[in-house]
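Here is what each chain is made of, one letter per residue.
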Amino acid sequence: MNNKGCFGIGTIGLVLIGIVLVLFFWGKGVYNTLVTKDQDVQSKWSNIETVYQKRANLIPALENTVKSYAKFEKSTLTDVITARSKATAINIDPSNMTEADLAKFQAAQGELSGSLSRLMAVVESYPNLKADQQYINFQREYTAIENSIRTETVYYNDTAKDFNTYRKSFPNNIFANFFGDFKDKPYFKADAGAQKAPEVFKEE
């Protein structure tokens, strides 16, 4: 009888140990996958910051070029410089980014896009400035960067969607909520002004 009882207790113990091991390895797999996908999102966000910074870095050269034309509308250039300052002042932690953070970032970048679009439109009235080689160089670089911005935001959204889908799937969501380190990633809005290239840069 005693041997049978011991055998029974031993079996239950082995079953419990087996369950614990299964849960451990499952949890480890989920955690590591969440970490990997989270890092993917942060990497894509880094690419976005890089292309936006490249755009911001072009503006001083544009400013110097435009300033050489004394009759150019100073207020239009001032708007660009002010918008650039606001856009570059926003710093976001991609590991803990909220929808409000991303909306603020997009709004500032959209304001810069809008001011640059208005400046480009005004340049159309200045043939000499429009034909200036430095301005032409800026236009080419700016067009390439705007295309990169659109591409990188799409990549980011795809990666964020992949993370969010995995995180929200049952029972992964229980595990993610338990740790609290893996929150949903916000998306760039498809109609954001920051993702639209100025009309004057479209090829004929």
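Quick caveat: nothing in here was measured; it's all calculated off a predicted structure.

Considering helix H6 (residues 172-179)
Because the α-helix completes a turn every 3.6 residues, residues three or four places apart line up on one side. Listed in full, the buried residues belonging to H6 are Asn172, Phe175 and Ala176. Projected down its long axis, H6 shows its buried positions confined to an angular sector of 95°, all on one face.

Quick notes on the confidence of the model for the chain
Taken residue by residue, the chain gives an average pLDDT of 84. The fraction at 70 or more is 87%. Counting contacts from residues 192-204, a segment whose pLDDT is below 50, to residues more than four positions away or on other chains yields 30 contacts.

Some points on the packing of aromatic side chains
What the rule picks out here adds up to 9 aromatic pairs. Centre to centre, the rings of Tyr156 and Phe188 are 5.7 Å apart; their planes meet at 85°, and the pair counts as edge-to-face. Placement of Tyr156 in helix H5 (residues 133-168) and of Phe188 in the segment after H6 is noted, with a sequence separation of 32 residues between them. Residues Tyr156 and Phe188 agree in their burial class; the two are buried. Put simply, the rings of Trp45, Tyr52, Phe105, Tyr156 and Phe188 pair up and form one aromatic cluster. Positioned above the aromatic ring of Tyr166 is the side chain of Lys37, whose terminal nitrogen or guanidinium carbon lies 5.5 Å from the ring centre. For the cation-ring pair, Lys185 lies above Phe163, with the distance from its terminal atom to the ring centre recorded as 4.9 Å.

Examining the side chain of Arg167
For Arg167, the location among the structural elements is in helix H5. Engagement of the side chain of Arg167 in a polar contact is seen with the side chain of Asn177, the distance being 2.5 Å. Discounting residues that sit within four places of it in the chain, Arg167 has contacts with Leu34, Asn172, Asn173, Ala176, Asn177, Phe182, Lys183 and Asp184.

Definitions and cut-offs
- Residues numbered from 1 in each chain as written.
- Predicted model: local features only at pLDDT ≥ 70, side-chain atom pairs only at ≥ 80, totals over all residues.
- Heavy atoms only, no water.
- Buried < 20%, exposed > 50% of the residue type's maximum accessible area, 1.4 Å probe, protein only.
- Helix = DSSP H or I, 4+ residues; strand = E, 2+ residues; numbered from the N terminus.
- Arc of directions from axis to C-beta.
- pLDDT = per-residue confidence, 0-100.
- Contact = heavy atoms within 4.5 Å.
- Phe/Tyr/Trp six-rings, centres within 6.5 Å; stacked < 30°, edge-to-face > 60°.
- Lys NZ or Arg CZ within 6 Å of the ring centre and 35° of its normal.
- Polar contact = N/O pair within 3.5 Å; in protein donor to acceptor, adjacent residues only side chain to side chain.

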